[in-house]
Amino acid sequence: MRAVDVTDFERKRVSRLNMRRAKIMTTALRSFLSYVRCRADITSDLAAAVPIVANWSLSSMPRAIGRDPLE
């Protein structure tokens, strides 16, 4: 197993989940990969290869800008 395998697996699975479930899945995957490394089943740190789920959106107006400049 390689880091690219972990990244591909995570991206395919997360694309079908909502934000909350995607975060839970990535946390579980990191935990599992850390566990199997601790047991010496794998030698490389594949948990570090699991991408972080982005948690941002630009759906609201920035706080620094008031309504007057936008109108």
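Everything here concerns the structure above.
Residues numbered from 1 in each chain as written. Predicted model: local features only at pLDDT ≥ 70, side-chain atom pairs only at ≥ 80, totals over all residues. Heavy atoms only, no water.

**Observations concerning the nonpolar core**
Across soluble globular proteins, nonpolar side chains show a tendency to be buried alongside one another.
Here's step 1: Counting nine residues, the largest nonpolar core is built from Val-6, Leu-29, Leu-33, Val-36, Ile-42, Leu-46, Ala-47, Ala-49 and Val-50.
Here's step 2: The greatest single-element share of this core, amounting to three residues, is contributed by helix H2 (residues 19-38).
Here's step 3: In contact with Val-6, other than residues within four places in its own chain, are Met-1, Leu-29, Leu-33, Leu-46, Ala-49 and Val-50. (Core = buried A, V, L, I, M, F, W, Y, C linked by side-chain atoms within 4.5 Å. Buried < 20%, exposed > 50% of the residue type's maximum accessible area, 1.4 Å probe, protein only. Helix = DSSP H or I, 4+ residues; strand = E, 2+ residues; numbered from the N terminus. Contact = heavy atoms within 4.5 Å.)

**With respect to the environment of Arg-30**
Here's step 1: Within the element layout of this structure, Arg-30 appears in helix H2.
Here's step 2: For Arg-30, a relative accessible area of 24% puts it in the partly exposed group.
Here's step 3: It is 7.5 Å that separates the C-alpha atoms of Arg-30 and Ala-48, two residues lying 18 residues apart in sequence.
Here's step 4: Leaving out residues up to four positions away in the same chain, Arg-30 has contacts with Ala-47, Val-50, Pro-51 and Ile-52.

**Some details on the packing of helix H1 (residues 3-14) against H2**
Here's step 1: Put simply, H1 and H2 touch, their axes get as near as 10 Å, and they point 155 degrees apart. On the basis of their axis angle, the class for H1 and H2 is roughly antiparallel. Seen from above, H1 lies across H2 with right-handed handedness. Where H1 abuts H2, its residues Val-6, Phe-9, Glu-10, Arg-13 and Val-14 lie against Ala-22, Met-25, Thr-26, Leu-29 and Leu-33.
Here's step 2: A per-class count over the contact of H1 with H2 returns seven nonpolar, one polar and two charged. (Axes fitted to C-alpha atoms, helices over the stretch in contact; angles between N-to-C directions. Parallel < 35°, antiparallel > 145°, perpendicular 65-115°, else oblique. Left-handed = near helix turned anticlockwise from the far one by under 90°. Nonpolar A, V, L, I, M, F, W, Y, C, P; charged D, E, K, R; others polar.)

**Examining the side chain of Thr-26**
Here's step 1: By secondary structure assignment, the location of Thr-26 is in helix H2.
Here's step 2: Excluding anything up to four places from it in sequence, Thr-26 contacts Glu-10, Val-14, Val-50, Pro-51 and Val-53.

**Quick look at the side chain of Thr-7**
Here's step 1: Along the chain, Thr-7 falls in helix H1.
Here's step 2: If sequence neighbours within four positions are ignored, Thr-7 has contacts with Ala-49 and Pro-51.

**Observations regarding the environment of Val-53**
Here's step 1: Locating Val-53 in the fold gives a position in the loop between H2 and helix H3 (67-70).
Here's step 2: As for Val-53 and Met-19, which are separated by 34 residues in sequence, their C-alpha atoms are 7.7 Å apart.
Here's step 3: What Val-53 contacts, discounting residues up to four positions off in sequence, is Glu-10, Met-19, Ala-22, Lys-23 and Thr-26.

**As for the environment of Arg-13**
Here's step 1: With respect to the helices, strands and loops of the structure, Arg-13 is situated in helix H1.
Here's step 2: In this structure the C-alpha to C-alpha distance between Arg-13 and Met-25, which are 12 residues apart in sequence, comes to 8.6 Å.

Purely geometric stuff here, so don't read any function into it on its own.
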